[in-house]
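A structural walkthrough
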Amino acid sequence: MSFLSFFLGEKKKSASVAKERLQIILAHERNGRNSNPDYLPALQRELVAVISKYIAINANDLKVSLERQDNLDVLEVKIELPDGARP
């Protein structure tokens, strides 16, 4: 967010806000402060809430996992869409 947009009250797009949140969470995890990702359940609930605005899904239709491979963290999100969900 730029200094000018802060004072003018411009809103960020939800995708931009979500991206920034994920970057903060992953940076926090990379610093080694937590060995177990305790944010995954909250992230899953937030994703279900956002997706539910557009498509009828329940919490069991979405799975979030974090896998660590050497020096790489992989955040995987699997979403099972109901039949007829495509436009």
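Please refer to the structure higher up on the page.
Since we're looking at a predicted model, the values are computed, not measured. (Residues numbered from 1 in each chain as written. Predicted model: local features only at pLDDT ≥ 70, side-chain atom pairs only at ≥ 80, totals over all residues. Heavy atoms only, no water.)

**A few points about the overall build of the protein**
Looking only at helices and strands, one finds three helices and two strands in the protein. Of the regular secondary structure in the protein, the N- to C-terminal order runs α-α-α-β-β. Among the 87 residues that make up the protein, the fraction classed as buried is 17%. Looking at the protein as shown, the accessible area adds up to about 7300 Å², and 54% of this sits on carbon and sulfur atoms. (Helix = DSSP H or I, 4+ residues; strand = E, 2+ residues; numbered from the N terminus. Buried < 20%, exposed > 50% of the residue type's maximum accessible area, 1.4 Å probe, protein only. Areas by Shrake-Rupley, 256 points an atom, 1.4 Å probe, with all protein chains shown as cover.)

**As for the pattern of salt bridges**
Scanning the model with the defined rule gives one salt bridge in all. Two residues, Arg-21 and Glu-46, come together in a salt bridge whose shortest N-O distance is 3.3 Å. Of this pair, Arg-21 sits in helix 2 (residues 14-30) while Glu-46 sits in helix 3 (residues 40-51), placing them 25 residues apart in sequence. (Salt bridge = Lys/Arg side-chain N within 4 Å of Asp/Glu carboxyl O.)

**Brief notes about the nonpolar core**
Ranked by size, the top nonpolar core spans ten residues in total: Leu-26, Tyr-39, Leu-40, Leu-43, Val-48, Ile-51, Ile-57, Leu-62, Val-64 and Leu-66. Sorting the residues of this core by element identifies helix 3 and strand 1 (62-69) as the ones contributing at least two each. Top element by residues in this core is helix 3. It accounts for four residues. Dropping the residues within four chain positions of it, Val-64 is found in contact with Leu-40, Leu-43, Gln-44, Leu-47, Leu-75, Glu-76 and Val-77. (Core = buried A, V, L, I, M, F, W, Y, C linked by side-chain atoms within 4.5 Å. Contact = heavy atoms within 4.5 Å.)

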